[in-house]
Amino acid sequence: MSIARRLLSIETSQVKPFKFIIQTSSTDTQYELPINLGNTPNPNITVSWGDGSPSTTITEKNSTARFHTYSSAGTYQITVTGYCPSFNVNNSSYRTLYRSVVDWGEVGFQTIDFFGCINLDTLPTDGSGNATLHQGLNTVINFDSTFRETGIGFIPAGLFDFAVNVKTFINTFVFCQGITEIPSGLFDNNLLVTAFSGTFNACLNLPAIPIGLFDNNTSVVNF
């Protein structure tokens with residue numbers, strides 16, 4: 001990716017929400033928006049739950065407003081608009097609900113973690129119709145366990161191109177059995193990274209890595 005595109009200016013007046021899809025299989029299914037990671041700031045978000053119910057405004061990470069009940073089984077696109085510094089699926093009760101990320105948006109992520117979301121198998125790609133592509137990952141500080149033990153089988157080219165502030169990729173794709181190849185240049189723009197410990201650990205169907213995959217990551221002290 002060119003430097004010009006990576007440093008594309010962002011219009012502050014343009015709303016760019018984070019969108020993802022969950023699927024429930026029974027009536028009265030409770031869902032928790034995973035925004036309550038302990039060491040991150042409070043969010044300031046509006047959430048559309050995708051079921052026709054009123055949107056919810058959340059300004060505290062431990063607010064009970066982060067819980068929502070879906071009265072019917074179905075597939076729902078959840079839209080998060082505003083400032084959402086953390087999105088960490090740390091409650092195993094909800095991990096099987098996740099199906100795909102539609103658009104990363106631009107919501108100020110510092111950390112993202114879908115660890116154990118075994119049914120999550122789709123990430124946004126170039127040409128998929130989402131306007132922001134991967135720009136919304138430019139504020140992420142770590143991708144530790146982000147896709148660990150998920151159903152991801154395809155890593156989009158340029159996934160981390162805008163993530164110029166990331167410091168660690170620890171256990172990012174651990175046990176992603178569906179991954180069979182890594183895009184060339186995946187980490188080319190991540191110049192501040194210090195650790196790739198376990199990044200592709202136990203990806204048993206991954207036969208090789210691209211030549212020069214880590215050439216630009218000169219600050220790394222742990223592979």
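Just so it is clear, the model here is predicted, and its values are computed rather than measured.

Asks: I'd like a description of the pattern of salt bridges, backed by residues and values.
Replies: If charged atoms from side chains of opposite charge come close, those side chains can pair. By the definition in use, this model includes three salt bridges. Across the pair arginine 66 and glutamate 32 runs a salt bridge whose closest N-O atoms are separated by 2.8 Å. With arginine 66 in the loop between strand 4 (56-58) and strand 5 (67-70) and glutamate 32 in strand 2 (residues 29-32), this pair connects stretches of sequence that are 34 residues apart. We classify glutamate 32 as buried; its relative accessible area is 5%.

Asks: Could you give an account of the confidence of the model for the chain, naming the residues involved and the relevant values?
Replies: On average, residues of the chain score 92 in pLDDT, and 91% of them are at 70 or above. Segment residues 1-13: pLDDT under 50, and 14 contacts once partners within four positions in sequence are set aside and those in other chains are kept.

Asks: Quick one: what's the story with the environment of leucine 159, residue by residue and with numbers?
Replies: Within the element layout of this structure, leucine 159 appears in the segment after strand 9 (111-113). Once residues lying within four places of it in the same chain are set aside, the contact partners of leucine 159 are Trp104, Leu123, His134, Leu137, Phe147, Phe173 and Leu186.

Asks: Could you give an account of the side chain of histidine 68, with specific residues and numbers?
Replies: Checked against the element boundaries, histidine 68 lands in strand 5. On the basis of relative accessibility, which here comes to 13%, the residue histidine 68 falls in the buried class. Among the polar contacts listed, one links the side chain of histidine 68 to the side chain of aspartate 51, at a separation of 2.8 Å. Excluding residues within four positions of it along the chain, histidine 68 makes contact with Thr29, Gln30, Tyr31, Trp49, Asp51 and Ser53.

Asks: Mind laying out the environment of threonine 27, listing which residues take part and the relevant values?
Replies: The residue threonine 27 is located in the loop between strand 1 (18-24) and strand 2 in this model. Other than its neighbours up to four places away in sequence, threonine 27 contacts Tyr70, Ser71, Ser72 and Ala73.

Asks: Please set out the pairing of strand 6 (residues 74-83) residue by residue, giving values where relevant.
Replies: Where strand 1 meets strand 6, seven bridges bridge the pair, whose relative direction is antiparallel. In the strand pairing of strand 6, threonine 24 is matched with glycine 74. Here strand 3 (residues 44-48) pairs with strand 6 via five bridges, running antiparallel. Within strand 6, the residue paired with valine 47 across the bridge is valine 80.

Asks: With reference to specific residues and values, describe the sheet that holds strand 4.
Replies: Across the sheet, five strands lie side by side as 4-3-6-1-8; this open sheet has antiparallel pairing. The open sheet is flanked by strand 4 and strand 8 (98-103), the only strands paired with a single partner. Adjacent strand axes in the sheet meet at a mean angle of 25°, parallel and antiparallel pairs treated alike.

Asks: Go over unusual backbone geometry with me, naming the residues and quoting the values.
Replies: A positive phi angle, close to 60°, is found at serine 145, a residue other than glycine. Even without being glycine, alanine 202 reaches a positive phi, approximately 65°. Turning to its location among the elements, alanine 202 is positioned in the segment after strand 9.

About the cut-offs
- Residues numbered from 1 in each chain as written.
- Predicted model: local features only at pLDDT ≥ 70, side-chain atom pairs only at ≥ 80, totals over all residues.
- Heavy atoms only, no water.
- Salt bridge = Lys/Arg side-chain N within 4 Å of Asp/Glu carboxyl O.
- Helix = DSSP H or I, 4+ residues; strand = E, 2+ residues; numbered from the N terminus.
- Buried < 20%, exposed > 50% of the residue type's maximum accessible area, 1.4 Å probe, protein only.
- pLDDT = per-residue confidence, 0-100.
- Contact = heavy atoms within 4.5 Å.
- Polar contact = N/O pair within 3.5 Å; in protein donor to acceptor, adjacent residues only side chain to side chain.
- Pairing = 2+ DSSP bridges.
- Axes fitted to C-alpha atoms, helices over the stretch in contact; angles between N-to-C directions.

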